[in-house]
Structure formats: structure tokens, C-alpha cells
Amino acid sequence: MLEIKNLHVKLEEQDKVILKGVDLTVEAGKVHAIMGPNGSGKSTLSYVLSGRDGYEVTDGSATLEGEELLDMEPEERAAAGLFLAFQYPVEIPGVGNMTFLRTAVNAQRKARGEEELSAGDFLKLVRQKAKTLKIDAEMLKRPVNVGFSGGEKKRNEILQMAMLEPRMCILDETDSGLDVDAMRLVAEGVNALRDENRSFLVITHYQRLLDHIKPDVVHIMADGRIIKTGGPELALEVENNGYAAILAEHGIEGVL
Amino acid sequence: MTAVEKQTPLEARLAAIDLPKGGAFTAARADALARLVAMGLPGRRDEYWRYTDPAALNAPMAPAAKPFEASDEAPLFNGMDRVKLVFVDGVFDAEASDAPELAGVEIARLAEAEAADIHWAQGLYGTLETAGQSPVVRPFAALNSAAATDGLLIRVTGKAAKPVSLIYVHRSETSDPILHHVIKLEPGAEFTLLENGPAGARFNKVMEVDVGAGARFHHIRAQGRDHERRAVTGIFARVAEGALFKSFTMTVNGVLTRNECVIDMVGDDAVAHVAGAALGDGASGAFHHDDTVFITHGAERGESRQVFKKVLKHGAVGTFQGKILVKPGAQKTDGYQISQSLLLDDDSQFLGKPELEIYADDVKCSHGSTTGALDETAMFYLRSRGVPHEEATALLVLSFLADAIDEIEDEALKDEVVSRLEAWLARHRG
């Protein structure tokens, strides 16, 4: 599904190298988790994959089902099936959540040469998906993320994911700012989307999200590289011992 | 003695105008002319004309402007239940208009009413305009009161069941209409006025609005799609106790637009909101849009809001000069002013001058002015959802304009305005 090879990235306007050769393969239907200390490059990886400005790829590649993502505009990546659930979903005053969702869904359909959804079909679909995420009609009417609580914002991200039906979902610290109940709701939303043709890359600091969204593979990222890969037990090891031991094993210091 | 003495610019301007004489408004017109002669025409050195060059407005003849026929969209407010009154190049077109009849509303034409010796508007014509000349002079409004050839005199005694919709058609390349409306809302009356269209190659319009106690006045205006027309307009309003005055203006084209709005809040608990959304694309021709607002709080617990938004690209220029004056004793005033511009490229320019002058100690007044580009984070968010750059730009522009558009209370009118803004955005991509 997603194949990242030797990815090197620096900040566009500074001489700061953030990713120093990331290699990662996410197979179809699998959930991979990336854990790592602050500043290890986790969020940068998610931004570079989805096409945010401000980064320069100096080496390497990232392909989605064989197509080079790094050559595409952000909207092309989305139409190709990539989705990033933001750590900090953006507020857009004056644009209704429904308008936003419909514009996004139809833009992607158009880009893929599919017919746009009619207003009626769209409404039916959004109501059905919103219900399982406990998103009420009021939240759909309000401007995008404006006045939403932390939990509502993250649920809204998952609703977008459910509506857009991407093949590759990246969740960037989706658990941040969520209480236990909100996290469970979000995790249920994600789990409902698990499918043999859909893959997930879950970026998180903490093991607790992975109690709810069970990963197949766990990677530890530090200093711009994946330094260790294992099964779900690796997340527990981090939870119990912290990152220090693993980092020391790889001779990485001073990044905590 | 030379055969031809050099005329002053004002003399040249007046020489080109056939000043109406006689009838009910003779005294008011003579007074306006005298005031105009005393103040003269404005120049770039005048404080309130520093950002806008009045040369084209001062010129004796209107600079030629090609009328623009919009073939790609239905006329604004089409199909709405309204009383439609049409002016073509400033001349009333009875045939294209509805009968000027509406329960609770008296409508007369200035040109006809003037023939009488006595008219209810006699005590009002030029009065609010005169009051609005201090402390800042507004020569084009005085010129208007002196020289207006037509306009409407509207007295509202009840709650009007539907809006009166004024349509200003531009047909002649050199038309130079001067229209003057007087609108009086008796206590408790309710009235909505719609205006749209470019009106002429050069348009000078004044609207005096007297809002009686507890009355409610709504005004929605769109200034037409002509690229080349020039306009100078003045709204002079007096808002009585517990009355509401709301005005929204959409401007999407024009070489030059100067919209002045002067509001005097004379009664306690009065509310006045003025809002504007202007979109300028210098690629279709020059675009210069100027909002100049002066709101005076002269009574207690008044609430005023000024919300002006401008979206500019390809060398378009926007200016805002807005003032809130709180007089001594106007306690518990709540005054708010925001002027913002969204510059879609590096060629465009916004000049803002917010002013507060407060002589009461228990008031809440705030103002803000910002100039910025599209929010990159929001842009990335939309694009990451698959919305292409151009479409995302349109959404973010509407988002930027939302506060101004929200000043339109009527949902159908709001939708109508939004649809025009969306159409503009679709026409002006890139």
C-alpha cells in the first residue's frame, strides 16, 4: 500500500534536517503505529506524505500503490486515497461543515472521474456516518470545527475519513487532548473503517490509543529514522520503560 | 481684461450641470449650492481624500464607461416578491417598473413631487445631508442635493409587506446621473430597500434616511458588475430611540467607488449596523473601492457595528476610513468597528484609517483593522481533503467575508448575495 524508501527531508527555509532516511512499508489491511519522543520527526513524516508546504525532500521516495506521492499536489494525493487526520483540526469560520464535506467528497469523485453525489444521496450518507460517531445535526450545520470541543474536532476528522473512504489513513496524534470516552468513540470510528483494502498509520506518543486501535506493527522513530520495529509488545515496552533504553541501544542521545 | 476668465474646477463642474429650479425644494437646493461653493471640490490634500483620487468625480463630464450586460446570470433579486422601480441612466422607466404601490408606504418621484409647492419631504430633503457635513465636509453630497434630477421620496407608515427594489440600469457610455432619495420611517414602521445596478458611467447618489422611534430599516445594495463605472454615494441616516438601521453593500466591480455612510444615533437604545463586502480584480480593469463611515453616538445605550471586508487582487485597491464619535453623555455606548482585507497577491493594496473619538466615560468601543493573505494552514487542510486550490480559495474567501454577509438578516437575501459572490469567485479564478 504505502512504501517509503530512504526519505530525507529538511525544512525549506532552514538548514534543519528532520527526516534522515525513513524506510517503511505498510501493507494493505494493516495498522502500523509510529511511536517516538517529541521532535523525532513523526508529524513531519505525516505532513510530507500529505504534501504540506515548507518541507524539502532531498532524497528518497514515497509511493501509494506504486504511485509517487511526492510529485503530487495535496489534493491529488487525497484523490489517490491518502488521508491525514490532523493533530490540530483547522477552524474555518463561515463555511458550514456540510458544505465542506460535500465539496471535499465531490472534488475527489470528480478527480477520479466519478459522478458527483446528489444533494439527497450525500445527505443520507452523511447522516448515517455521523450517527455512528455520535455527531448530531447541529454539529454538521456549524462552521467547520468552530466552537468544537477537542473531542468533537477529532470525531469530525474521523467523519471526514468515513465520508472520503481513503485507502491509506494517517492519524497524527489523534489521541491528543481527548478524554477516555472521547478516545474510545474515535477509536471505534477508526476500527469500523478497518478493512482488508485499507491501511492505517497511527502516530502517537502513548500506548493508550493502541489499546483501542490494535496495531499489527509498531515502529519506534527517533532522530528522523525508524530505529526499531516490532509487534504490539513494543508499544508496551515503551509504556513500561520509556524511550530512553531503546534510544541508548541505538546510540541516540540528547533528543529527549 | 481677457475674453475668457479661467474657471475654477467647481465652476467648470457646475457649468456642465443644468441645475433644477423652482418647486418645493428650491430653498434646500439653493442652500446646498451655497454650501458647495463654500467648501469647493475635494482634492488629494484633503484629509478624507488622501487614499482616493477625486479627479474623475470632479471632472465636468463623466469619463466614458462601457455598459456591461451580464449574460451569464439572472438579474439580482430576480423572482423575489418586491416592488421594482427602474432607473435607466438616472431616468425613471415607468414601463419597466411596477406600480409604486405598497400598503403602508407612500412612494413619489422627486422630479414630480418637486412641482408641488408643499411636500412632506420638504423639511427633510438636504437636512440630514447638511447635518452630515460636520465635522467633515462631503462636497459630492452637497452637489447632489443641489443638482439631483430625480430620486424617490418614500414615507413608511406601517410594516411594509415586501421590499422596494431600485434597479439602476446603465446604458449610455457618458451618462452621469445624480439621484437623491429621501426615506422616512414613521415610529414603529418597517421597511426593506434593495438597490442594484451601476446606474451610469458616473453615478452620484445620496440617500437620506430618517428612522423613527422603534422603526426598523434594512438596506441591501449591490453596485453592479460594470468594470468602468465610477460612483460616489452617500447615506445620511438619523436613528431615533429604539430604532434599527442596517445597511449592507456588495461591490464586485467598478473603476472607482466611494461609499460614504454618515449615521447619527440621536435616540437612546438605537442600533446601527453598516457592512460591506467588496471584491476587486484589477485584471478586469482598475478597481478602487473606498468605504468612508462616520457614526455619531449622541444618546445612551446605542449599539453600532461597522464590518467591512475587502478581497483584492491584481492591483486592486481598497480603502476604509471609519470613525466612531461618542458624544458627552452617550453612556453605555457599544461601538464596534472592523475593517479587514484579504490580499490574494502582492500587487494589491489596502489602506485603512480607523478612528475613535470618545467623550463619555462609560462606553465600550473597539476597532480592528487587518490585512492578510489566505491562511496557509486552512488552505492545506482543505487541499488535504481533496479540494483543489482554486475551489479552496473560493471557500476561504467566503469564510473571510462571512462576518459581513451575516449582517444581512433575511436568509433569502443572504443566499442571493452569497450566490453572486460565489459566481464572482468562479469567474475570477487565478
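Residues numbered from 1 in each chain as written. Chains lettered and ligands numbered in written order. Predicted model: local features only at pLDDT ≥ 70, side-chain atom pairs only at ≥ 80, totals over all residues. Heavy atoms only, no water.

Caption draft 1: The sheet that holds strand 18 (residues 349–358) of chain B, seen in detail. Residues and elements named next belong to chain B. Spatially, 9 strands are ordered 3-4-6-8-10-12-14-16-18 in an open sheet, and the strand pairing comes out mixed. Strand pairing shows two members of the sheet lacking a second neighbour, strand 3 (105–109) and strand 18, which therefore form its edges. Sheet twist, expressed as the mean angle between neighbouring strand axes with direction ignored, is 10 degrees. Where helix 6 (residues 139–147) meets the sheet, its contacts fall on strand 6 (178–185), strand 8 (202–211) and strand 10 (230–239), and the angle it forms with strand 8 comes to roughly 85 degrees. (Pairing = 2+ DSSP bridges. Helix = DSSP H or I, 4+ residues; strand = E, 2+ residues; numbered from the N terminus. Axes fitted to C-alpha atoms, helices over the stretch in contact; angles between N-to-C directions. Contact = heavy atoms within 4.5 Å.)

Caption draft 2: Spatial organisation of the interface of chain A and chain B. Facing the 30 residues of chain A at the interface are 17 residues of chain B. Taking both sides of the interface into account, the surface hidden between chain A and chain B amounts to around 1900 Å²; carbon and sulfur atoms contribute 66%. Connecting chain A to chain B are 3 salt bridges. Close ionic contact of Glu75(A) with Arg383(B) constitutes a salt bridge, the shortest N to O distance being 2.6 Å. Our enumeration of links across chain A and chain B arrives at 12 residue pairs in polar contact (both at pLDDT 80 or more). Looking at the side of chain A that touches chain B element by element, the count peaks at 6 residues for helix 3 (residues 97–111) of chain A. Its residues assigned to classes, the side of chain A that touches chain B comprises 18 nonpolar, 8 polar and 4 charged. (Buried area = accessible area lost by both parts, 1.4 Å probe. Salt bridge = Lys/Arg side-chain N within 4 Å of Asp/Glu carboxyl O. Polar contact = N/O pair within 3.5 Å; in protein donor to acceptor, adjacent residues only side chain to side chain. Nonpolar A, V, L, I, M, F, W, Y, C, P; charged D, E, K, R; others polar.)

Caption draft 3: Structural detail: the pattern of salt bridges. Under the defined criterion, the tally for this structure stands at 53 salt bridges over all chains. The salt bridge involving Glu165(A) is made with Lys129(A); its shortest N-O contact spans 3.6 Å. Taken together, the residues span a long stretch of sequence, with Glu165(A) in the loop between helix 6 (150–164) and strand 9 (168–172) and Lys129(A) in helix 4 (residues 119–132) at a distance of 36 residues. The exposure class assigned to Glu165(A) is partly exposed, which follows from its relative accessible area of 48%. Three or more residues joined by partner-sharing salt bridges are found here, namely Asp72(B), Glu73(B), Arg225(B), Glu416(B), Arg420(B) and Arg427(B). (Buried < 20%, exposed > 50% of the residue type's maximum accessible area, 1.4 Å probe, protein only.)

Caption draft 4: Representation of the UniProt feature "domain: SUF system FeS cluster assembly SufBD N-terminal" (unreviewed entry) in chain B within the structure. The sites that carry the UniProt feature "domain: SUF system FeS cluster assembly SufBD N-terminal" (unreviewed entry) are, in the present numbering, residues 24–157 of chain B. With 27% helix and 13% strand, residues 24–157 of chain B has its two end C-alpha atoms placed 22 Å apart. (UniProt positions renumbered as here; feature names shortened; annotations may be inferred.)

Caption draft 5: The arrangement of the packing of helix 6 of chain A against helix 7 (residues 180–192) of chain A in detail. Residue and element names in this part refer to chain A. Following both chains from N to C, one finds helix 6 and helix 7 inclined at 5 degrees, their axes separated by 10 Å at the closest point. It follows that helix 6 is roughly parallel to helix 7 by the angle criterion. For the pair formed by helix 6 and helix 7, the contact residues are Gly-151, Lys-154, Arg-155, Ile-158 and Met-161 on the first element and Ala-182, Leu-185, Val-186, Gly-189 and Val-190 on the second. Of the residues assigned to the contact of helix 6 with helix 7, the class counts are 6 nonpolar, 2 polar and 2 charged. (Parallel < 35°, antiparallel > 145°, perpendicular 65-115°, else oblique.)

Caption draft 6: Main features of the UniProt feature "domain: ABC transporter" (unreviewed entry) in chain A. UniProt's entry tags residues 2–248 of chain A with the feature "domain: ABC transporter" (unreviewed entry), counted in the numbering of this structure. Helix makes up 39% of residues 2–248 of chain A and strand 29%. Its end C-alpha atoms lie 29 Å apart.

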